[in-house]
Amino acid sequence: MTGLLTFHWADDYGALLQAYALKRRLEELAGQVEVIPYAPLRLKGRYHWFALRYKVVDAKPRFQMLRSVLSWLRRPIPDPVFVRRRRAMARFRQRYLAADCSLRKARDIPLERYSSVFVGSDQIWNPEITCGLRKAYFGAFPGHQKERVAAYAASFGGASLPAKYDREFQALLQNLDAVSLREAGAVPYVQQFFPG
């Protein structure tokens, strides 16, 4: 079975449709595909009713909680259209992608289930979205070495990352057997680090 690690947990039409399209295409090519229910709280939390907002530069969890409370107090009663949209996305996610989003830690991903893992089809390498570079979205799973891990249509939202991420990015790329990028302008940046 092939595992797919993407932003299927996001309450965002673009993220859901990208995840669905990639899953369907992989099923046509590789047979059985399962969306891995990995949804780190720092990422999925921004879509909660009581939204948790994290940024790379924020260091103190108490400050994050205060920002979340203040944000919620500004609009404690949601718009009915917003609620219907969220429910529709949840139904779509459960029916076509993953029944749950229960795995908060990369170490809990049951890698033994998958012969290969695909990561991507979204801005999985954008540190502003992922609160730094998330190792799981590079196939750097704790305690396991997969035979095949490929990034498909991965993006960092531009042509390159800020220079402060270069060393970490280069090290994380070593976990991937193949890389494809969403932006053609990012190819020269990745080529200088990718061994293949």
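Anyway, here's the lowdown on the structure attached to this text. (Residues numbered from 1 in each chain as written. Predicted model: local features only at pLDDT ≥ 70, side-chain atom pairs only at ≥ 80, totals over all residues. Heavy atoms only, no water.)

## Focus: the overall build of the protein chain
Quick reminder of the rule: Going along the chain from the N terminus, every DSSP run of H or I of four or more residues is numbered as a helix, and every run of E of two or more is numbered as a strand. Categorising residues by exposure relies on relative accessible area from a 1.4 Å probe, with only protein chains included: less than 20% of the type maximum marks a residue as buried, more than 50% marks it as exposed, and the intermediate range marks it as partly exposed. Whether two residues are in contact is decided by their heavy atoms, any of which lying within 4.5 Å being enough. The method behind every accessible area is Shrake-Rupley, applied with a 1.4 Å probe, and residues are considered shielded solely by the protein chains displayed.
Helix and strand counts for the protein chain come out as seven helices and five strands. Scored against the burial criterion, the 196 residues of the protein chain give a buried share of 44%. The long-range fraction of contacts in the protein chain, counting pairs at least 24 apart against all pairs at least 6 apart in sequence, stands at 78%. Counting every atom, the protein chain has about 10,900 Å² of accessible surface; 53% of that belongs to carbon and sulfur.

## Quick notes on the side chain of threonine 6
This is how it is decided: Polar contacts, as used here, are pairs of N or O atoms within 3.5 Å; protein pairs need one atom able to donate a hydrogen and one able to accept it. Residues neighboring in sequence count only if both atoms are side-chain atoms.
Along the chain, the position of threonine 6 falls in the loop between strand S1 (2-5) and helix H1 (13-30). Its relative accessible area of 0% is what places threonine 6 among the buried residues. There is a polar contact of 2.9 Å between the side chain of threonine 6 and the backbone oxygen of glycine 120.

## Points about the packing of H1 against helix H4 (residues 80-97)
How we decide: Lines fitted to C-alpha atoms define the axes here, with helix axes fitted over just the stretch in contact, and angles between the N-to-C directions of these axes take values from 0 to 180 degrees. If an angle is under 35 degrees, it is roughly parallel; if it is over 145, roughly antiparallel; if it lies from 65 to 115, roughly perpendicular; otherwise it is oblique. In this scheme the crossing of two helices becomes right-handed for a clockwise turn of the near helix relative to the far one and left-handed for an anticlockwise turn of less than a right angle. For this scheme, ten residues count as nonpolar: Ala, Val, Leu, Ile, Met, Phe, Trp, Tyr, Cys and Pro. Four count as charged, namely Asp, Glu, Lys and Arg, and the remainder, Gly too, count as polar.
Running from amino to carboxyl end, H1 crosses H4 at an angle of 15 degrees, the nearest separation of the two axes being 11 Å. When the axes of H1 and H4 are compared, the pair comes out roughly parallel. Classified by chirality, the crossing of H4 by H1 is left-handed. Within the contact between the two elements, H1 uses Tyr13, Leu16, Leu17, Ala19, Tyr20 and Lys23 and H4 uses Arg85, Met89, Phe92, Arg93, Tyr96 and Leu97. For the contact of H1 with H4, the residue count by class is nine nonpolar, no polar and three charged.

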